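Structure assessment
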Amino acid sequence: MTDYSEKAALILKEHRESIDRLDAILIYTLGERFKHTQSVGKLKATYDLPASDPKREAQQIDRLEDLAKRADLDPKFATKFLNFIISEVIQHHKKQQK
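Residues numbered from 1 in each chain as written. Predicted model: local features only at pLDDT ≥ 70, side-chain atom pairs only at ≥ 80, totals over all residues. Heavy atoms only, no water.

1. Re the overall build of the protein
Let me state the cut-off plainly: Only DSSP runs of H or I with at least four residues qualify as helices, and only runs of E with at least two residues qualify as strands; both kinds are numbered from the N terminus onward. Throughout this description, buried means an accessible area under 20% of the type-specific maximum (1.4 Å probe, protein chains only), exposed means over 50%, and partly exposed covers the range between. We call two residues in contact when some of their heavy atoms are within 4.5 Å. Areas reported as accessible are Shrake-Rupley estimates using a 1.4 Å probe. Residue values count occlusion only from the protein chains shown. His residues and chain termini do not enter the charge count, which takes Lys and Arg as positive and Asp and Glu as negative. The atoms used to mark charge sites are NZ of Lys, CZ of Arg, CG of Asp and CD of Glu.
Helix and strand content of the protein: three helices and zero strands. Its helices and strands taken in sequence order, the protein reads α-α-α from the N to the C terminus. Its C-alpha atoms put the protein at 65 × 25 × 15 Å along the principal axes. Buried residues in the protein amount to 17% of all 98 residues. Of all intrachain contacts in the protein linking residues separated by at least 6 positions in sequence, the fraction that spans at least 24 positions is 66%. Summed over its atoms, the accessible surface of the protein is roughly 8,100 Å², and 60% of this surface lies on carbon and sulfur atoms. The positive charge centre, built from 18 side chains, and the negative charge centre, built from 16, are 7 Å apart in the protein.

Right, dumping it as structure tokens:
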């Protein structure tokens with residue numbers, strides 16, 4: 001290996017280690033988020049509230065798009081990501097209502 005390829009391999013390794021740490025943060029954060037949404041689902045089921053709250057969901061999408069812009073992340077990607085999470089949460093809430 002040349003000095004350049006060794007340096008590139010080291011930089012690549014460092015980036016990958018950072019990516020791995022960030023992936024772990026994302027997974028643990030999602031786990032925490034879903035613990036809270038499960039509690040919300042139980043509350044909704046107890047008080048016969050609808051599984052979905054379109055007004056809140058729209059507010060969250062707007063908020064996340066703004067955060068994405070400030071974080072230099074594609075807002076369309078952020079919206080797709082949140083929509084996926086919201087759909088999972090709603091499915092969990094519907095299961096809790098049965």
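2. Focus on the packing of helix 1 (residues 3-46) against helix 3 (residues 75-96)
What counts here: Interaxial angles span 0 to 180 degrees and are taken between N-to-C directions of axes, which are lines fitted to C-alpha atoms, for helices over the stretch in contact. In these notes the angle categories are as follows: under 35 degrees is roughly parallel, over 145 is roughly antiparallel, 65 to 115 is roughly perpendicular, and the rest is oblique. Here a crossing is taken to be left-handed if its near helix is turned anticlockwise relative to the far helix by less than a right angle, and right-handed if that turn runs clockwise. We call Asp, Glu, Lys and Arg charged. Ala, Val, Leu, Ile, Met, Phe, Trp, Tyr, Cys and Pro are nonpolar, and the rest, Gly among them, are polar.
Where helix 1 meets helix 3, the closest approach of the two axes is 9 Å, and the angle between their N-to-C directions is 40°. As judged from the angle between their axes, helix 1 and helix 3 are oblique. Here helix 1 runs over helix 3; the crossing is right-handed. Note on element contacts: helix 3 touches helix 1 through Phe 81, Leu 82, Ile 85, Glu 88, Val 89, His 92, His 93 and Gln 96, opposite Leu 30, Arg 33, Phe 34, Thr 37, Gln 38, Val 40, Gly 41, Lys 42, Lys 44 and Ala 45. When its residues are assigned to classes, the contact of helix 1 with helix 3 shows eight nonpolar, six polar and four charged.

3. Things to note about the nonpolar core
Counted only if it meets this: The nonpolar core is taken to be a set of buried Ala, Val, Leu, Ile, Met, Phe, Trp, Tyr and Cys residues, with the residues joined through side-chain atoms within 4.5 Å.
Formed by Ala 51, Ile 61, Leu 82, Ile 86 and Ile 90, the largest nonpolar core amounts to five residues. Of the residues forming this core, the biggest block, three residues, is contributed by helix 3.

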